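Survey of secondary and tertiary structure
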Amino acid sequence: MNMGAFDCIVIGGGHAGVEAAWAACRLGARTLLITMRRDTIAKMSCNPAIGGLAKGQIVREIDALGGLMGLAIDATGIQFRLLNRSKGPAVQSPRAQADKYKYKDYIRNALENADNLTIHEGVAADILTSDGAVTGVACLDGTQFAAPTVIVTAGTFLRGVMHVGPRQWAGGRLDEPASNELSDSLRRLGLTIGRLKTGTPPRLDAATVNFDEVEVQPGDDEPMPFSFLNERIDRPQTPCWITWTHPAIHDLLRENLHRAPMYTGQITATGARYCPSIETKVVRFADKDRHQVFLEPEDEALSTIYCNGISTSFPEDIQDQMIAMLPGTRRARIIHYAYAIEYDYCPAVQLQANLETRAVAGLFLAGQVNGTSGYEEAGAQGLVAGVNAVRKIGGAEPLVLGRDQAYIGVLIDDLRTRQIDEPYRMFTSRAEYRLSLRSDNADRRLTDIGRSVGLVDDTRWQTYLHKVAGVEQVSGILKQVRRDGKPLWQLLKQPDCPTDGILAEPAIQMLNLPNEVLQAACVDAKYEGYLVRQQQQIAGFRNLENIKLPAWLDYRTISHLRYEAKEKLAAFQPHTLGQASRIGGITPADVTVIQIHLKKNHSLK
């Protein structure tokens, strides 16, 4: 039964689906969001937090482009911290604990009140196509919807299998079914499917935790907002707590590895290297006699605690013993046992730069379906996919962010040029131009771009222009006012120069500008020399990035190109010569051969 026509259909109401639907509908596209349950939209199925190292930069980039995640966490966060505060601004990242119930309620309310957006409860089962292009979606109950673009953001639901000890069952996450039919549909469309694994720790009844036995971790005295629309966070901070495992717990786990699905052969998919289960930690890091565990409140009322650091798939009785041996939780009651989940994903080498599949026109993939982990990575991909689905309908050039422009650009480029065999997680070390890709300047990097594609509204645009003008005012004063014969701008370059003392200058104080504006000008001054050098590096990088590789290019016909290079380039289909150079196994000599070939064929001047 056909239920109507739309411009864009988004499958999945997780963090990627939310940003995709938000972007598409705000750009004027008639958008349909298909989700199994309306009340689980934007559910925090893993840790109740947004941001973190490198992830905080991504959230601020989503916000600068006009996305929803930063606004949602500012409105519902219960503890805010700036990580790496003692280090340079290039690696400083905001992170916030969320009231996970209020967070999803905020997102759901925003979507339900958005123009051009319809939410349908159902199970998407089949991507409908004709002549190699998307025509719509069929649901499990036979309902069909027509659309020229579809964005799949299925998370861990594609053929999801849950594991707790020897017990296993089909599921996408706790108490929710798997989506087997959609996975089969993607296979029929010619997409290559892989298998990954993730997991969660136990959740505890907070009333049964002894917080006197653990270390308190408070939030920042002056919380920094994620959204550039907010100057401050005025709510009280809720503490987190830290405890530690010990050798007796490690002995318990090692003695019972024969009951752990990770070590019995029951789980065969690869998990995240940088977020290992506790059983993997005690095996891989056998020399360590303790591992840190963060006790994180899942809501403002302190009803449940998320045990960050002891993700596991051990059976319930081993989990009970582990919690009973952990300082602070010896009498704690487990509300939800930890579990592991294996699920299907589509390696992103099958995607074009706009996140559209090469196999099917109009079919976009975003989030964990592309092999990533984390709410932030998912949200970033969702926003880009939503924008590009609408731009495809209108015949506009796609939004493709470069590695020099955003962590989002690094993320998507990595996914498309690396053979992902484990869930991808963003780190500051992945961004070679991280000094330029700071969390404090995300708006100055991306708001113009968000405005150009139509996602930044007038309110955000005026806020941005006001900030830029303020930074220019402060910078002007720093360059004009002198102390000890030197401009304040020059003094800020000295490592021991206190920023607060410089900002106390009366001419600056009279401006009455937000602290974020003042700090932005100071960072510009402190790192001016480094940023100039990095811009020179970026200019060299752009030389290769500006050389587009035509879609018709057949690498098999290029003389003198190595066989391995031909195979990899044909499989990855890089968008630019720069992207080709980053594919594993591609040498500088291969790049030169391609350049010569393009010149001979008059494709390169």
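Residues numbered from 1 in each chain as written. Predicted model: local features only at pLDDT ≥ 70, side-chain atom pairs only at ≥ 80, totals over all residues. Heavy atoms only, no water.

1. Regarding helix α21 (residues 588-600)
Since the α-helix packs 3.6 residues into each turn, any two residues three or four apart lie on the same face. The condition that has to hold: Runs of E in the DSSP output that reach at least two residues are strands. Runs of H or I that reach at least four are helices, and both are numbered from the N terminus. Working rule for helices: expected span equals 1.5 Å times residues minus one. Exposed residues in this analysis have more than 50% of their type's maximum accessible area, buried residues have under 20%, and partly exposed residues fall in between, with area computed by a 1.4 Å probe over protein chains only. Directions are taken from the helix axis to each C-beta atom, and the arc is the one they span. Residue contacts follow a heavy-atom distance rule, with two residues in contact if any of their heavy atoms lie within 4.5 Å.
Here α21 spans 19 Å end to end across 13 residues, near enough to the 18 Å set by a 1.5 Å rise per residue. Of the positions making up α21, those classed as buried are D590, V591, V593, I594, H597 and L598. For α21, the angular spread of buried residues about the axis comes to 160°, placing them on one side. Seen from the open side of α21, the exposed residues pointing more than 90 degrees away from its buried face are P588 and K600. Contact partners of the buried residues in α21: α18 (528-545), α19 (563-572) and α20 (577-581).

2. Overview of the layout of surface pockets
Test applied: Points on a 1 Å grid, built from protein atoms alone, make a cavity when a 1.4 Å probe fits but cannot get out and make a pocket when they are open with protein on both sides within 12 Å along at least 5 of 7 lines; residues with an atom within 4 Å of a point are the lining residues. Grid points are joined across faces, edges and corners, and a volume is the space filled by probe spheres set on the points. Gly counts as polar in this scheme, as do all residues outside two lists: the nonpolar Ala, Val, Leu, Ile, Met, Phe, Trp, Tyr, Cys and Pro, and the charged Asp, Glu, Lys and Arg.
The space that makes up the second largest pocket amounts to roughly 1300 Å³. If you trace the second largest pocket, you find 43 residues lining it, with M224, N515, E516, V517 and Q519 closest to the centre. Secondary-structure elements contributing two or more residues to the lining of the second largest pocket are α12 (442-453), α13 (458-480), α15 (499-503) and α17 (515-526). Top contributing element to the lining of the second largest pocket by residue count: α17, with eight residues. Residue classes in the lining of the second largest pocket are distributed as 16 nonpolar, 12 polar and 15 charged.

3. Observations regarding the pattern of salt bridges
A pair can form between side chains of opposite charge whenever their charged atoms are brought close. Operational definition: In what follows, salt bridge is the name for a side-chain nitrogen of Lys or Arg lying within 4 Å of a carboxyl oxygen of Asp or Glu.
On inspection of all chains with the given rule, the structure shows 47 salt bridges. Of the charged contacts, one joins K568 and E564 as a salt bridge, the two residues approaching to 3.7 Å between their closest N and O atoms. Residue K568 and its partner E564 are both found in helix α19; the two are separated by four residues, about one turn of the helix.

4. Section: the sheet that holds strand β3 (residues 31-35)
Quick reminder of the rule: In short, DSSP must find at least two bridges between two strands for them to pair. Interaxial angles span 0 to 180 degrees and are taken between N-to-C directions of axes, which are lines fitted to C-alpha atoms, for helices over the stretch in contact.
In space, the five strands of this open sheet follow the order β7-β3-β2-β11-β22, with parallel pairing throughout. Of all strands in the sheet, those bounded by a partner on one side alone are β7 (117-121) and β22 (363-365). With direction set aside, neighbouring strand axes in the sheet form an average angle of 20°. The pairing of strand β2 (residues 8-11) with β3 spans four bridges and is parallel. Across the sheet, C8 pairs through a bridge with T31, a residue of β3. This element, helix α1 (residues 15-26), spans β2, β3, β7 and β11 (149-152) of the sheet and lies at about 165° to β3.

5. Notes on the packing of helix α2 (residues 55-64) against helix α3 (residues 69-76)
How we decide: Each angle is binned into one of four classes, with values under 35 degrees roughly parallel, values over 145 roughly antiparallel, values of 65 to 115 roughly perpendicular, and all other values oblique.
In contact at an axis separation of 7 Å, α2 and α3 are set at 115° when each is read in the N-to-C sense. Judged by the angle between their axes, α2 and α3 are roughly perpendicular. Contact with α2, carried on its side by V59, I62 and D63, involves M69, G70 and L71 of α3 and no other residues of that element. A per-class count over the contact of α2 with α3 returns four nonpolar, one polar and one charged.

6. A few points about the domain arrangement of the protein
Put simply, the rule reads: The source of the domain bounds is an automatic or database domain assignment. Summed over both partners, the accessible surface that disappears when two parts come together, traced with a 1.4 Å probe, is what is meant by buried area. Whenever a nitrogen or oxygen atom comes within 3.5 Å of another N or O atom, the pair is scored as a polar contact, on the condition that within protein one atom can donate a hydrogen and the other can accept it, and that pairs from neighbouring residues in sequence are kept only if both atoms are in side chains.
Here the protein is described as being made up of domain 1 (2-191 + 347-452), domain 2 (203-342), domain 3 (457-537) and domain 4 (555-604). Computed from C-alpha atoms alone, the centre-to-centre distance between domain 1 and domain 2 is 26 Å. On the side of domain 2, 49 residues touch domain 1, which itself brings 58 residues to the contact. Together domain 1 and domain 2 conceal approximately 4200 Å² of surface at their shared face, both sides included; 52% is due to carbon and sulfur atoms. When residues of domain 1 are sorted by the area they lose upon contact with domain 2, I78, F80 and H163 head the list and together hold 17% of the total. The partner of R273 in a salt bridge is E422, and the shortest N-O contact between them spans 3.0 Å. Here domain 1 and domain 2 share 32 residue pairs in polar contact (both at pLDDT 80 or more) between them. Class assignment for the residues of the side of domain 1 that touches domain 2 results in 23 nonpolar, 17 polar and 18 charged.

7. Observations concerning the sheet that holds strand β4 (residues 49-51)
Reading across from one edge, β4-β6-β5 is the order of the three strands in this open sheet, with antiparallel pairing throughout. Of all strands in the sheet, those bounded by a partner on one side alone are β4 and β5 (77-83). When strand polarity is set aside, the average angle formed by the axes of neighbouring strands in this sheet is 15°.

8. Comments concerning the pairing of strand β8 (residues 124-130)
Bridge analysis of β8 against strand β9 (residues 133-139) gives six bridges, and the strand direction is antiparallel. Within β9, the residue paired with I127 across the bridge is V137. Connecting β8 to the next strand, β9, in antiparallel fashion are two residues, including D131 with a positive phi near 55°.

9. Digging into the nonpolar core
Stated formally: Here, nonpolar core means buried Ala, Val, Leu, Ile, Met, Phe, Trp, Tyr and Cys residues that are tied together by side-chain atoms lying within 4.5 Å of each other.
Within the largest apolar cluster, 99 residues are counted, with the highest numbers of intra-cluster contacts made by I9, Y103, L111, I127, L363 and I408. Here this core gets nine residues from one element, more than from any other, and that element is helix α10 (residues 375-394). Residue assignment places this core across two domains, with domain 1 (2-191 + 347-452) and domain 2 (203-342) each supplying three or more. Judged by nonpolar contacts, the second largest core, of 24 residues, contains V214, W241, L295 and I318.

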